[in-house]
Amino acid sequence: MRNFFRKRRAAGADEDFTSSGPMAGGPGGGITGQPAGGQPFAGPADRPPVAMGGPPRLRTVPGTADALRAGPAPAPRGSAGDDAELPRFTMPVNAGLRGPRGTAPALLTGMTPEMNGRLREAFTPTRPKQALNGLFIGRTAALKRIISAVEEERAHVILFGDRGRGKTSVANAIEQIATQAGYLSLKLTCSAELSFEDSFRHLLRRIPSTYYRSGMDNPFAARRTFTSFNELLPEGNFSVTELNEVLAGIYGTHALLILDEYDRITDEDFRNKLAEMLKNLTDSSIAVTLLIVGVAENLDQLLGKHPSIQRSLVPVHLPLMTDKEIERLINAGAENAGIAFAPDVVRRIGDFVRGLPYYAQLLGLHAARSAVSRGSTVVERSDLAYAVSRCLQEAERGIVDSYNRMLAGARRGELEDVLHAAALCPADEYGVFDPSELTAADGQPAFSDLDDLLTRLTAVDHGAVLAPVPEPGRFRYRFRNQMMRQYVLMRLAHERGTI
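Values in this document were obtained by computation on a predicted structure and should not be read as measured data. The residue numbering used here restarts from 1 in each chain and proceeds along that chain's sequence as written. The predicted origin of the model limits local features to residues at a pLDDT of at least 70 and limits the giving and counting of side-chain atom pairs to 80 or more, whereas totals for whole chains, interfaces and linings rest on all residues. In computing side-chain values, all of the structure's heavy atoms are included and hydrogens and water are not.

J.: Run through the overall build of the protein, naming residues and quoting values.
T.: A helix here means a DSSP run of H or I that spans at least four residues, while a strand means a run of E at least two residues long, and both kinds are numbered starting from the N terminus. Of regular secondary structure, the protein possesses 17 helices and 10 strands. Buried, partly exposed and exposed residues are distinguished by accessible area as a fraction of the type maximum, computed with a 1.4 Å probe on protein chains only: under 20%, between the cut-offs, and over 50%, respectively. Of all 499 residues assigned to the protein, the portion counted as buried reaches 45%. Between two residues, a contact is recorded if the distance between any of their heavy atoms is within 4.5 Å. Sequence separation of at least 24 residues holds for 69% of the intrachain contacts in the protein that already meet a minimum separation of 6. Every accessible area reported is derived by Shrake-Rupley at a probe size of 1.4 Å, with residue values counting cover from the shown protein chains alone. Carbon and sulfur atoms form 53% of the exposed surface of the protein, whose accessible area is close to 25,600 Å².

Take a look at the structure:
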């Protein structure tokens, strides 16, 4: 029996150093970037993944003596060099695992993790701006209006607009500007899972007891010992009146409470209580101001059944950025990363993004990465073409589905032309355009059967890409999803080779 177990242990030790053992990525392995079962991890790629050919091979751990003696591992048979390499994470993580210095990024070669990090900080399509520095571009008018409402009018503010316009970046800027002026600025990102009570308990936990009204104003306050204002609330649920009484105890500062992504709140009880709170705060002299931020085309979408509280709010609509602001945004990011964009590339990005900073950041990031990966510090048209293809790959599924449904069936070419003209058509700050201003690609006005084509573009069965905006004596139109405008421009330029 002992001999049997010795043989089993010896066989197991041999398996650890064969191509079928765990070190090779077989069942129970993982050193080579493969989970149990030998299937490679899925990851993003520029091109469709190349089939991995050849038998499994022994992989050495980077940095070991064996690895130094063995040198770089040969590519598997039947592969084409770098195309056969599995994608890897390359951005360094503090106190975490990282690959050897200079490992190629998952999508592009020729870029160091340090440069990748600089580009990620210069262009931030997936993250709002966190700091007031040279990368925060424009939005001066919106900032001035919010500051004026809070400082001079002591009014509550609601900041709204379509997605991708940078509302959270503006809210972050206001938070910092207010803090510098001595305000107690607190920001909460709303969630459908958080109740009214949970949300305000979270905010009150961050208000220290040092801001509680002094014993001179309230002789009973001196006897109270607590850490944060949350402890002044009763256990469990509490009423709006009780919350306002606690907030009335704030002394020595002015609290600015920022509720970001308010559009995610679907609970009617939350909306009812917030409406009552706004009315009570407006009618009192409590040193608390609310800044509500959310995605909406208009106030009715955000406030729902409570339009009466509009009198308690100063509405600030965040418009699209100007072409000059988009140009400054791209060039500021390039300067921060130590590269440059060719002037015609900057202008072309402006043509595509139509004032939407999200897509300006996204195109800037991918184009800059493409230029750096080919060893250049100047972003050219070829890099922009790569960036456009990446943006199309990463487009929202809903936008892609709506576009494809719209083109299904007859008259595809005409629908494409009308949609392209709609994307190019001048629009107001809400994205609404006049169909009388649509022009064909050759600059000639009007299309045959334009009304019929526009009706089809608004039909749910055909994607409902456009939404009619009724006005006295006429209809104007807007893209139902405002990001569809940029998608149309980039997709048609990509398909027609006009980037």
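J.: How would you explain helix α13 (residues 381-393) if you had to name every residue and give the values?
T.: Taking 1.5 Å per residue, 13 residues should reach 18 Å; α13 reaches 19 Å between its end C-alpha atoms and fits that length. When α13 is considered as a whole, its buried residues turn out to be D383, L384, Y386, A387, V388, S389, R390, C391 and L392. Buried positions along α13 lie against α11 (343-353), α12 (357-373), β7 (378-379) and α17 (483-496). One less than the number of residues in a helix, times 1.5 Å, gives the span that helix is expected to have.

J.: Please set out the sheet that holds strand β2 (residues 184-189) residue by residue, giving values where relevant.
T.: Pairing between strands is defined by DSSP: at least two bridges between them are needed. Sheet architecture is open: five strands sit in the order β2-β3-β4-β1-β5, paired in parallel fashion. Since the sheet does not close on itself, it has two edges, and those belong to β2 and β5 (313-317), each with one partner. Taking each pair of neighbouring strands and ignoring which way they run, the sheet shows an average axis angle of 15°. Here an axis means a line fitted to C-alpha atoms, over the contact stretch when the element is a helix, while the angle between two N-to-C directions is reported on a 0 to 180 degree scale. Running at roughly 145° to strand β4 (residues 288-295), helix α8 (residues 268-283) makes contact with β1 (156-161), β3 (255-260), β4 and β5 of the sheet.

J.: Give a description of the packing of aromatic side chains that names residues and reports values.
T.: Aromatic contacts are taken between Phe, Tyr and Trp rings whose centres are within 6.5 Å, Trp giving its six-membered ring; a plane angle under 30 degrees counts as stacked, one over 60 as edge-to-face, and the others as tilted. Counted according to the given criterion, the structure contains 10 aromatic pairs. Here F196 and F200 contribute two aromatic rings whose centre-to-centre distance is 4.8 Å and whose plane-to-plane angle is 45°, an arrangement assigned as tilted. Here F200 and F196 lie together in helix α6 (residues 196-204), a separation of four residues that amounts to about one turn. Since its relative accessible area comes to 0%, F200 is described here as buried. Ring centres 5.7 Å apart and planes at 65° place the aromatic pair Y212 and F229 in the edge-to-face group. With Y212 in the loop between α6 and α7 (240-247) and F229 in the loop between α6 and α7, this residue pair connects regions lying 17 residues apart in the sequence. Exposure class is identical for Y212 and F229. Each is buried.

J.: Please set out the sheet that holds strand β10 (residues 474-479) residue by residue, giving values where relevant.
T.: Judged by pairing direction, the sheet is antiparallel, and its three strands sit side by side in the order β8-β10-β9 without closing on themselves. Either end of the sheet is taken by a strand with one partner, and the two such strands are β8 (432-433) and β9 (466-471). Inspection of the sheet shows β8 paired to β10 by two bridges, in the antiparallel sense. Within β10, the position partnered with F433 by the bridge is Y477.

J.: Talk me through the pattern of salt bridges; I want residue IDs and the actual numbers.
T.: When a carboxyl oxygen of Asp or Glu is within 4 Å of a side-chain nitrogen of Lys or Arg, the pair counts as a salt bridge. In the structure shown here, the tally under the stated rule is 24 salt bridges. Notably, a salt bridge pairs E394 with R390, separated by 2.5 Å at the nearest N-O pair. A relative accessible area of 38% places E394 in the partly exposed class. A salt bridge links E471 to R476; its shortest N-O distance comes to 2.9 Å. A residue is classified by how much of its surface remains accessible, and R476, at 16% relative accessible area, is buried.

J.: Let's hear about the side chain of T458: which residues, and what values?
T.: The topology assignment puts T458 in helix α16 (residues 450-458). In terms of polar contacts, T458 uses its side chain to reach the backbone carbonyl oxygen of T455, at 2.7 Å. When sequence neighbours within four positions are dropped, the list of residues in contact with T458 reads A464, L466, A467, P468, Y477 and R480. Here a polar contact means two N or O atoms within 3.5 Å. Within protein one must be a hydrogen donor candidate and the other an acceptor candidate, and residues neighboring in sequence count only if both atoms are side-chain atoms.

J.: An account of the pairing of β1 is requested, with residue identities and associated values reported.
T.: Counting buried positions along β1 yields six of six residues, so the element is predominantly enclosed. Of the two faces of β1, both are covered, the one formed by H156, I158 and F160 as well as the one formed by V157, L159 and G161. Both β1 and β5 contribute to a ladder of five bridges, which runs parallel. Paired with F160 across the two strands is H317, which belongs to β5.

J.: Describe the packing of α12 against α17, listing the residues and the values that go with them.
T.: Each pair of packed helices gets described by two things: the angle between the helix axes and the distance between those axes. Between α12 and α17, the least distance of the axes is 10 Å, while the angle of their chain directions is 40°. Contacts between α12 and α17 involve Y358, Y359 and L363 from the former and M483, Q486 and M490 from the latter. Across the contact of α12 with α17, the residue classes break down as five nonpolar, one polar and no charged. Note that Gly is not counted as nonpolar here; it falls among the polar residues with everything else outside the nonpolar set of Ala, Val, Leu, Ile, Met, Phe, Trp, Tyr, Cys and Pro and the charged set of Asp, Glu, Lys and Arg.

J.: Talk me through the nonpolar core; I want residue IDs and the actual numbers.
T.: Only buried residues count toward a nonpolar core, which is a set of Ala, Val, Leu, Ile, Met, Phe, Trp, Tyr and Cys residues joined through side-chain atoms within 4.5 Å. In this structure, I339, F341, F352, L363, Y403, L438 and F479 are the most contacted members of the largest nonpolar core, which totals 68 residues. The dominant element in this core, judged by the number of residues it contributes, is α12, at nine residues. F226, L243, I250 and V288 belong to the second largest nonpolar core, which has 43 residues in total.

J.: Give me the lowdown on the side chain of T253, citing residues and values where you can.
T.: Examined against the element boundaries, T253 turns out to sit in the loop between α7 and β3. Residue class for T253 comes out buried when judged on its relative accessible area of 13%. In terms of polar contacts, T253 uses its side chain to reach the backbone amide nitrogen of L184, at 3.5 Å. Residue contacts for T253: discarding those within four places in its chain leaves G182, Y183, L184, Y211 and A287.

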